[in-house]
Amino acid sequence: MAPIQNYRIRECLKGFAIIILLLASWEAAALIIQNNYILPQLSAIFDVLIHPFEPVLGGDSLISDTYVSLAEVMSGFLCAAALAIPVGLLIGWSKEVRSYLNPVIQILRPVPPIAWMPFAIAWFGIGSNSILFIIMVGAFFPILINTTDGVNSVRRQWIDVSRMLHATQFEIIKTVVVPGALPGIWTGLRVSFGVAWMCVVAAEMLPGASAGLGFIIMYAYNLGQLQVIGAGVIIIGLIGLCADMIFRMGQKRFFAWQGSE
Amino acid sequence: MKPVLSLENIKKTYTEDGVTCNTLSGVSFDVFQSEILCIMGPSGCGKSTLLRIIEKLDSEYNGSVCKHQIKDGKSPKNAMIFQEHALFPWLTVFDNIIYGLRLKAEDVSEDEAVSRVNSLLSITRLDKFSDSYPRQLSGGMKQRVSVARALAIRPDILLMDEPFSALDPFTRRELQDEILRIRTEMDMTIVLVTHNPEEAVYLADRVIMLSERPSSVSKIIQVCLPYPRNPADPGFLAVREEISGMVRKQNTENSV
Ligand SMILES: Nc1ncnc2c1ncn2[C@@H]1O[C@H](COP(=O)(O)OP(=O)(O)OP(=O)(O)O)[C@@H](O)[C@H]1O
Ligand SMILES: [Mg+2]
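Position labels on residues start from 1 in each chain and follow its written sequence. Here the convention is simple: chains get letters from A, ligands get numbers from 1, in the order in which they are written. At least 70 in pLDDT is required for a residue's local features to be given in this predicted model, at least 80 for side-chain atom pairs to be given and counted, and no such filter applies to totals for whole chains, interfaces and linings, which use all residues. In computing side-chain values, all of the structure's heavy atoms are included and hydrogens and water are not.

Caption draft 1: Summary view of helix α3 (residues 110-123) of chain B. Residues and elements named next belong to chain B. The end-to-end C-alpha distance of α3, which contains 14 residues, comes to 20 Å, matching closely the 20 Å that a straight helix rising 1.5 Å per residue would cover. Whether two residues are in contact is decided by their heavy atoms, any of which lying within 4.5 Å being enough. Helix and strand assignments follow DSSP, with helices taken as H or I runs no shorter than four residues and strands as E runs no shorter than two, numbered in order from the N terminus. Looking at the buried side of α3, the elements it contacts are α2 (93-98), α4 (139-152) and α5 (169-186). Immediately beyond the C-terminal end of α3, within one or two residues, lies arginine 125, with a positive phi of roughly 50°. Here a helix's expected span is defined as the number of its residues, less one, multiplied by 1.5 Å.

This is the structure in structure tokens:
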């Protein structure tokens, strides 16, 4: 036990060492350059970070901007999941549906979600509806593709067993295909949350946004307050990391059976 | 003896990428009530295919599979045990066994289902592993779970596709004895595919030899030895030698 823990700690330390090195080089460079419009000092960034509830640049607090972004991501992500999971199951299950939908999907999938922004504004107006649309588009495809892959990874023997016990088509889907595809679906959700999180920040940076982490970063840039940008970037990174860790933990917890077969 | 199942002139061709593969070319035989029938034949001759056809997992074939009515006029119910155990890895042992009973097709109350599963757990000596997952079981235990899962729906005919071939000799013998016991207890008909002449002679009332592909029935051997059989018994050895000889002959013809 002890050697394994020592090993883990050593691995962690390696990662931390690099982070510290990067921070130190940043600070050193900032001290040499002495120009807040190019490279703000770490102390200035941390000063923003440790007062998350205070108004920034005469607007909202960092916490409230974070909340706005998270709320947008969550609603877009959930809508995308509600749409992509059933469609993905259908495509994976039925060759017929796949032949109809596959070409459309393959054409739309490589389009970066942000490219839809002008259309989104034309259809939904400036503001949060358009952002929501962009997040949905971004989150949709990873879930769809991984759900389909998940269904395809369901072993034929499991379906045979189910048919042998006289399950109906619906029962086969409910008791074999969905549970068997769930690890794939979960991977899709994890990837898609990451994409959604990137989309929200990018979408909020475009004209028309009035709150959110992307907005505050752009706003701070216009005012030349680079320490606020630094703080925003750190928050974005940390939240992305946390979300990914939660999904990974869920994977270990719920899908321990995977690969054991 | 009454047949419960009659196969008549079963023909099957697989077509893949435009290449047709003539697998079964007219297989006919009867399965009699309460017998153990072993199917043997060279690898790739279509034994698994035949079981899948009987189980209605495969409907693209020619010929007919006819089930005869058994006691009180109902048609016999099948269950199958696959070459690989194919347990659902996300379900516990208990949930794997009860799986078939919770489907709409089985009109069984939850209480009845639970008590059936509990008795199967003790028959297959898995009581202590009721809450374990398949990954936590040994190969022999997994195969016992899949036997229990098939028995849970109380089949009249049990189809088994090389169920014990991946097990060590000791575990295999244990499970064979269990099958013999269960069949007398539950009055089942068993159709079992095997590669192993000793297994065939240990279990079977009759052994059906299939020929090389495209295959048909090449010989039917009646095994007239009383149960429980002793593999060291001269009568046993004689029948085993007869079957081994036929298998060897098929193999050499094959390689010529
Ligand atoms: N899905 C399939 N598509 C095309 N050919 C198939 C398919 N399944 C089986 N075959 C062919 O049919 C033949 C019979 O296969 P089957 O699995 O029934 O043989 P088997 O007698 O059970 O062999 P074994 O003893 O090795 O299990 C094989 O030659 C195989 O190549
Ligand atoms: Mg086979």
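Read on, since the account is not over.
Caption draft 2: Molecular detail of the nonpolar core. Definition used in this section: a nonpolar core is a set of buried Ala, Val, Leu, Ile, Met, Phe, Trp, Tyr and Cys residues joined via side-chain atoms within 4.5 Å. We call a residue buried when its accessible area falls under 20% of the maximum for its residue type, exposed when it is over 50%, and partly exposed in between, using a 1.4 Å probe and counting protein chains only. Membership of the largest hydrophobic core comes to 146 residues, with the highest contact counts inside it found for Phe29(B), Leu50(B), Ile97(B), Leu158(B) and Val207(B). With 13 residues, the top contributor of residues to this core is helix α8 (residues 169-205) of chain A. For Leu50(B), the contacting residues outside a window of four places in its chain are Leu7(B), Ile10(B), Leu24(B), Val27(B), Phe29(B), Ile39(B) and Leu210(B).

Caption draft 3: Layout of the interface of chain B and chain A. Chain B puts 24 residues into the contact, and the matching count from chain A is 22 residues. Interface area, chain B with chain A, both sides summed: about 2200 Å², of which 65% is carbon and sulfur. Just to be clear on terms, a salt bridge is a Lys or Arg side-chain nitrogen sitting within 4 Å of an Asp or Glu carboxyl oxygen. Residues Arg52(B) and Asp160(A) are paired through a salt bridge, measuring 2.7 Å at the closest nitrogen-oxygen approach. By the criterion applied in these results, polar contacts are pairs of N or O atoms within 3.5 Å in which, for protein atoms, one can donate a hydrogen and the other can accept it, and in which residues neighboring in sequence qualify only through two side-chain atoms. Our count for the contact surface shared by chain B and chain A stands at seven residue pairs in polar contact (both at pLDDT 80 or more). The leading source of residues in the side of chain B that touches chain A is strand β5 (residues 78-81) of chain B, at three residues. Of the residues contributing to the side of chain B that touches chain A, the split by class is 13 nonpolar, three polar and eight charged. Simply put, the buried area is the total loss of 1.4 Å probe accessible area from both parts when two parts are fitted together. Nonpolar residues are Ala, Val, Leu, Ile, Met, Phe, Trp, Tyr, Cys and Pro. Charged residues are Asp, Glu, Lys and Arg, and all others, Gly as well, are polar.

Caption draft 4: Up close: the site of ligand 1. Residues and elements named next belong to chain B. Neighbouring ligand 1 are 14 residues; Ser43, Lys47, Ser48, Thr49 and Arg213 lie closest to it. Side-chain polar atom of tyrosine 14 to a nitrogen atom of ligand 1: 3.4 Å apart, as the coordinates give it. Within the side chain of glutamine 83, a nitrogen or oxygen atom sits 3.4 Å from an oxygen atom of ligand 1. Mapped by element, the contributors of at least two residues to the shell around ligand 1 are β1 (3-16) and α1 (47-54). Ranked by the residues each element gives to the shell around ligand 1, the list is headed by α1, at three residues. Looking at the shell around ligand 1 residue by residue, the classes come out as two nonpolar, eight polar and four charged. We call a residue near a molecule or strand as soon as one heavy atom of that residue lies within 4 Å of the molecule or strand.

Caption draft 5: Up close: unusual backbone geometry. All names here are of chain B. Note that the residue after arginine 213, namely proline 214, is joined by a cis bond; omega there is -10°. Looking at the element boundaries, proline 214 is found in the loop between β8 (206-210) and β9 (217-222). Residue proline 228 follows tyrosine 227 across a cis peptide bond; omega there is -10°. Turning to its location among the elements, proline 228 is positioned in the loop between β9 and α7 (234-255).

Caption draft 6: Quick peek at the packing of helix α3 (residues 62-93) of chain A against helix α10 (residues 226-254) of chain A. Residues and elements named next belong to chain A. Taken N-terminus to C-terminus, the directions of α3 and α10 make an angle of 40°; their axes are 12 Å apart at the nearest point. Here α3 lies oblique to α10, going by the angle between them. The two elements α3 and α10 meet at a crossing, and its hand is right-handed. The segment α3 lies against α10, with Leu62, Thr66, Leu70 and Phe77 engaging Ala231, Ile235, Ile239 and Phe247. Looking at side-chain class alone, the contact of α3 with α10 contains seven nonpolar, one polar and no charged residues. Note on geometry: axes are C-alpha line fits, over the in-contact stretch for helices, and angles between N-to-C directions span 0 to 180 degrees. Each angle receives one of four descriptions, namely roughly parallel if under 35 degrees, roughly antiparallel if over 145, roughly perpendicular if within 65 to 115, and oblique otherwise. Handedness of each helix crossing follows the sense of rotation of the near helix against the far helix: counterclockwise by less than a right angle gives left-handed, clockwise gives right-handed.

Caption draft 7: Representation of the environment of Ala243(A) in the model. Residues and elements named next belong to chain A. With respect to the helices and strands, alanine 243 occurs in helix α10. Residue alanine 243 is classed as buried on the basis of its relative accessible area of 12%. In the structure, alanine 243 is positioned 172 residues away from alanine 71 in sequence and 14 Å away in space, judged by C-alpha atoms.

Caption draft 8: Spatial organisation of the packing of aromatic side chains. Any Phe, Tyr or Trp ring, taking Trp's six-membered ring, that has another such ring centre within 6.5 Å forms a pair; planes under 30 degrees apart are called stacked, those over 60 apart edge-to-face, and the others tilted. Within the structure shown, the criterion is met by 19 aromatic pairs over all chains. Ring centres of Phe193(A) and Phe247(A) lie 6.0 Å apart, and the angle between their planes is 55°; this geometry places the pair in the tilted category. Taken together, the positions of Phe193(A) in helix α8 and Phe247(A) in helix α10 put the pair 54 residues apart, joining distant regions of the chain. Take Phe193(A) and Phe247(A): they sit in the same class, and that class is buried. An angle of 50° between the planes, with centres 4.7 Å apart, marks the rings of Phe88(B) and Tyr99(B) as tilted. With Phe88(B) in the loop between β5 and α2 and Tyr99(B) in the loop between α2 and α3, this residue pair connects regions lying eleven residues apart in the sequence. Cluster of aromatic residues (ring-pair linked, three or more members): Phe77(A), Trp186(A), Phe193(A), Phe247(A), Phe254(A) and Phe255(A).

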